[in-house]
Amino acid sequence: MLIETFLRKQLGLKAHTVTKVEETEKFMVVDIDRLGSRLLRCGLCRQRCRKVHSLQKPRVWRDLSMRKLPLQLRYRPRRVECPRCGVRVEDLPWAEPWARVTTALSNAVARLARELSWQGTARQYGLNWKSVATIVKRAVQYGLKHRPRPPVHVIGIDEVSRRKGQVYLTVVYDLERRVLLWVGDDRTEEAVRPFFTKELGRRRCHTLRVICLDMWAAYANLVKEYAPQAQILFDRFHIVKHLHEAVEEVRRSEMRRLSQKEKVSFKRTRWLLLKNPWNLSDDQKERLSTLVRWNTPIVRAYYLKEAFQLFWDYQQPKRAGDHLEKWMRMLRGHLDGVLSWTRHRVSNGAVEGMNNKIKSISHRSFGFRTAQNFIAAIYHCCAKLPLPLER
Ligand SMILES: [Zn+2]
């Protein structure tokens, strides 16, 4: 088989053909031409058009590699007279309009970029970082436009930090499908409002049943405004996280006050205090029991944490409520949201798992310098977006 025929088949060309293949130092240059007088399609509506209006200048598209040499397609696109759309550039079966790489290559790059950093992906394909960034952002654009939008019932809204805790994004997950729905630049009410007004819209806001929030964040007002029928839930993952932070905070400030000798006894108590007691080894239990005999703020904080953990074991919302009321005045304003845990139990781990995935995206790229790039990467890896079809 001639290489031209082989490539024509591989590229799936119907109204076009490969006229010549030429090897240069960097590329296998594949010349493409129209095949006889086969009808070309309109680039906008894809309808077949009878009349060709004019020829454009030659353009090139980078394609996948054959062995070591990347293919480069070269063609002079036609402008066609579409009865519906007027004069338009023809539909090119190998690339999206305006793309400088073929759909086969951009999809291959996009798939790898879900696993590797953009830098690593660029290296694999001999592209530069910027080209990968462009490919991913276009893929995300396409995916957001074409993704299915089934009704959502249970969502989680959370903040993730970008660059050492100073800058925040807001992420919204569909906790039933375990898929990312939306990312907002910042964590203010104003920044998150578009999720309810634009992404969901009034009609889809009505199907929301449960919304998991971090009770420290400021999203509750938005929920009351746009989805008043939904139950707010302060989920276990966040409550435990804040408890651990509180214990750790007390421990650190105590450590600063202690003498050198006392410090030795407290060394490595962090895990001892944070671990669940039934997971401790005998040796660790021994050390813990020495520790709890000292009536210090660390130990009191530890008791508070343990006492709170009992809450998860209550089966009846009323008894769980009594327990909580004794436990902590701070929670009073949020009691309803915490108690709904006993009814729904939906979020344990789901939000945490998603957040860990986002952290790993941030780490492997050593932090994204711009919010747009980070947001694109999060959508790309977590939203299960569809890629353009390869024809
Ligand atoms: Zn058209």
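Before any of the text, the structure's been laid out above.
The notes below deal with the structure included here. What you see is a predicted model, and the numbers here were worked out from it, not measured in a lab.

Calculation rules
Residues numbered from 1 in each chain as written. Predicted model: local features only at pLDDT ≥ 70, side-chain atom pairs only at ≥ 80, totals over all residues. Heavy atoms only, no water. Disulfide = S-S within 2.5 Å. Buried < 20%, exposed > 50% of the residue type's maximum accessible area, 1.4 Å probe, protein only. Donors = N, O, S within 2.8 Å, 3.2 Å for Na, K, Ca; no water. Tetrahedral: all angles 85-135°; square planar, octahedral: opposite > 155°, others 65-115°. Helix = DSSP H or I, 4+ residues; strand = E, 2+ residues; numbered from the N terminus. Phe/Tyr/Trp six-rings, centres within 6.5 Å; stacked < 30°, edge-to-face > 60°. Pairing = 2+ DSSP bridges. Axes fitted to C-alpha atoms, helices over the stretch in contact; angles between N-to-C directions. Contact = heavy atoms within 4.5 Å.

### Re the state of the cysteines
This structure, assessed with the given rule, holds zero disulfides. We note that Cys-49 lacks a disulfide partner, and the nearest cysteine sulfur, in Cys-82, lies 4.4 Å from it. There is no disulfide at Cys-382, and the cysteine sulfur nearest it, in Cys-381, is 5.9 Å away. Take Cys-382: its relative accessible area is 4%, and that puts it in the buried class.

### Overview of the coordination of the zinc ion
Within the protein, the atoms that donate to the zinc ion are Cys-42 (SG), Cys-45 (SG), Cys-82 (SG) and Cys-85 (SG), at distances of 2.2 to 2.3 Å. Taken together, the four donor atoms surrounding the zinc ion define angles of 107 to 112° at the centre, an arrangement classified as tetrahedral. When the donors of the zinc ion are listed by position in the chain, the intervening gaps give C-x2-C-x36-C-x2-C. On the criterion of sequence distance, the pair formed by Cys-42 in the loop between strand 3 (40-41) and strand 4 (48-49) and Cys-85 in the loop between strand 8 (78-82) and strand 9 (86-89) is long-range, its members being 43 residues apart. In this structure Cys-42 comes out as buried when scored by relative accessible area, which is 0%.

### Comments concerning the packing of aromatic side chains
For the coordinates displayed, the defined rule picks out six aromatic pairs. For the pair Trp-61 and Trp-94, a centre-to-centre distance of 5.5 Å together with 80° between the ring planes defines the contact as edge-to-face. Pair noted here: Trp-61 is in strand 6 (residues 59-66) and Trp-94 is in the loop between strand 9 and helix 2 (103-113), with a separation of 33 residues, a long-range link. Pair check on accessibility: Trp-61 and Trp-94 agree, each one buried. An aromatic cluster is defined as three or more aromatic residues linked by ring pairs; in this entry it consists of Trp-182, Phe-195, Phe-196 and Tyr-226.

### Topic: the sheet that holds strand 7 (residues 69-75)
Ordered by their spatial adjacency, four strands build an open sheet running 1-2-7-6, and the pairing between neighbours is mixed. Edge positions in the sheet fall to strand 1 (16-23) and strand 6, since each has one partner strand and no second. This sheet shows a mean twist of 25° between the axes of neighbouring strands, independent of strand direction. With respect to the sheet, helix 1 (residues 3-11) is in contact with strand 1, strand 2 (28-34), strand 6 and strand 7, its orientation differing from that of strand 1 by roughly 125°.

### Let's talk about the sheet that holds strand 13 (residues 210-213)
Overall, mixed pairing links the five strands, which are arranged 12-11-10-13-14 in an open sheet. Of all the strands in the sheet, the pair left with one neighbour each is strand 12 (179-185) and strand 14 (231-234). Neighbour-to-neighbour, the strand axes of the sheet open up by a mean angle of 25°, direction not taken into account. Bridge count between strand 10 (residues 154-162) and strand 11 (residues 167-174): eight bridges; the pairing is antiparallel. Within strand 11, the position partnered with Gly-156 by the bridge is Tyr-173. Taken strand by strand, helix 5 (residues 189-205) contacts strand 10, strand 11 and strand 12, and its axis lies near 130° from that of strand 12. Against the sheet, helix 15 (residues 371-382) contacts strand 10, strand 11 and strand 12, and its axis sits at roughly 175° relative to strand 12.

### A look at the pairing of strand 7
Where burial is concerned, most of strand 7 is hidden: six out of the seven residues are buried. Of the pairings in the sheet, the one linking strand 2 to strand 7 comprises four bridges and is parallel in character. Across the sheet, the residue bridging to Met-28 is Leu-71, located in strand 7. The pairing of strand 6 with strand 7 spans six bridges and is classified as antiparallel.

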